[in-house]
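Chains, contacts and geometry: an overview
Next come the chains, spelled out residue by residue.
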Amino acid sequence: MDIDTLVKLTSRAWSLKILALLHAKVPGRQAPLLAATDASRTAFAASLAHLIELGMIERNPGHGHPLRPEFRLTPCGTEAATIASKIITTARSEDEIRLLRKSWTVPVLALASTPHRFSAIKSGLSVITDRALSSSLHQLEAQNWIRRDIHTAERMPFPTYQAVNTGMAINRAVGLTL
């Protein structure tokens, strides 16, 4: 999966969870998926529509009632669902799951396999604002998913950020292709 697809995929809070549930063979109807996610109807519907728009899922033709459609993974959705399942299973607590639902958590971790400066991460995520990146890095550091090191060998000291612990497991699960 490339970084642009990952950014688009994680821009909705429940997208990863829906894909992971479909990967786990939860029936592709709205009611079972909604119950399994614990999302609000509005947020769930927005995430479902977003996945359809991205071409990750589609309506299953010929199955289900028109008012209660069934959804299935597309070929590219199957690959994304495998990755989503790996990402979701790394979370061990409700706080970690909540952090995974944030838009920039997974993309930032995907870029942090080796130490990177703030500017390098920002350029890798071209649409992120400084404030959003700073906030994400603080949250990931507080969760101990990112390590911040200060390099003093240069004339001007500078921080670098690298995924660690569960953050590194998420990085490996994404398997980013650059």
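The present account deals with the structure reproduced in this document. (Residues numbered from 1 in each chain as written. Predicted model: local features only at pLDDT ≥ 70, side-chain atom pairs only at ≥ 80, totals over all residues. Heavy atoms only, no water.)

Concerning the nonpolar core
- With 52 residues, the main nonpolar core has L19, I87 and L125 as its most contacted residues.
- Leaving out residues up to four positions away in the same chain, I87 has contacts with L16, L100, V106, I170, A173 and V174. (Core = buried A, V, L, I, M, F, W, Y, C linked by side-chain atoms within 4.5 Å. Buried < 20%, exposed > 50% of the residue type's maximum accessible area, 1.4 Å probe, protein only. Contact = heavy atoms within 4.5 Å.)

Remarks on unusual backbone geometry
- In this structure, D38 is a non-glycine residue whose phi angle is positive, near 65 degrees.
- Assignment of secondary structure puts D38 in the loop between helix 3 (30-37) and helix 4 (41-54).
- Despite not being glycine, N165 shows a phi value in the positive range, around 55 degrees.
- On the basis of relative accessible area, N165 is assigned to the partly exposed category, the value being 48%. (Helix = DSSP H or I, 4+ residues; strand = E, 2+ residues; numbered from the N terminus.)

Quick look at the pairing of strand 3 (residues 146-151)
- Here strand 3 runs beside strand 4 (residues 158-163); their pairing, made up of six bridges, is antiparallel. By the bridge assignment, D149 is partnered in strand 4 with T160.
- Count of turn residues in the strand 3/strand 4 antiparallel hairpin: six residues. (Pairing = 2+ DSSP bridges.)

Comments concerning the packing of aromatic side chains
- Counting across every chain of the model gives zero aromatic pairs.
- Taking NZ or CZ as reference, R117 lies 3.8 Å from the ring centre of F158, over its face. (Phe/Tyr/Trp six-rings, centres within 6.5 Å; stacked < 30°, edge-to-face > 60°. Lys NZ or Arg CZ within 6 Å of the ring centre and 35° of its normal.)

Remarks on the side chain of T90
- Note that T90 resides in helix 5 (residues 75-90).
- Using a relative accessible area of 15% as the deciding quantity, one classes T90 as buried.
- Sequence-distant contacts of T90, that is, excluding residues within four places in its chain, are made with E96, T166, A169 and I170.

Focus: the environment of G175
- For G175, the position within the fold is in the segment after helix 10 (166-174).
- Relative accessible area serves as the criterion here: at 39%, G175 is assigned to the partly exposed category.
- Each C-alpha atom of the pair G175 and D38 lies 28 Å from the other, and the pair is 137 residues apart in sequence.

Regarding helix 10
- The buried fraction of helix 10 amounts to seven of the nine residues, a majority that puts the element mostly inside the structure.
- Residues of helix 10 that are buried include every one of T166, G167, M168, I170, N171, A173 and V174, and no others.
- Summarising the contacts, the buried residues of helix 10 are in contact with helix 1 (3-9), helix 5, helix 6 (94-100), helix 7 (105-111) and strand 4.
- With its phi angle positive at about 60 degrees, G175 sits one or two positions after the end of helix 10.

Brief notes about the pattern of salt bridges
- Enumeration according to the criterion identifies five salt bridges in this entry.
- The residue R101 makes a salt bridge to E94 at a minimum N-O spacing of 4.0 Å.
- R101 gets classed as partly exposed once you look at its relative accessible area, which sits at 21%.
- For the salt bridge of D95 with R98, the shortest nitrogen-to-oxygen distance reads 2.7 Å. (Salt bridge = Lys/Arg side-chain N within 4 Å of Asp/Glu carboxyl O.)

Here we look at helix 9 (residues 130-142)
- In this model, helix 9 (13 residues) spans 18 Å end to end at C-alpha, consistent with the 18 Å of a helix rising 1.5 Å per residue.
- Residues of helix 9 that are buried: L133, S136, L137 and L140. Considered in projection along helix 9, the buried side chains sweep an arc of 100 degrees and stay on one side of the axis. Facing away from the buried side of helix 9 by over 90 degrees, the exposed positions are R131, H138 and A142.
- Buried residues along helix 9 sit in contact with helix 6, helix 7, helix 8 (118-124), strand 3 and strand 4.
- N144 lies just past helix 9 and shows a positive phi near 65 degrees. (Expected span 1.5 Å × (residues − 1). Arc of directions from axis to C-beta.)

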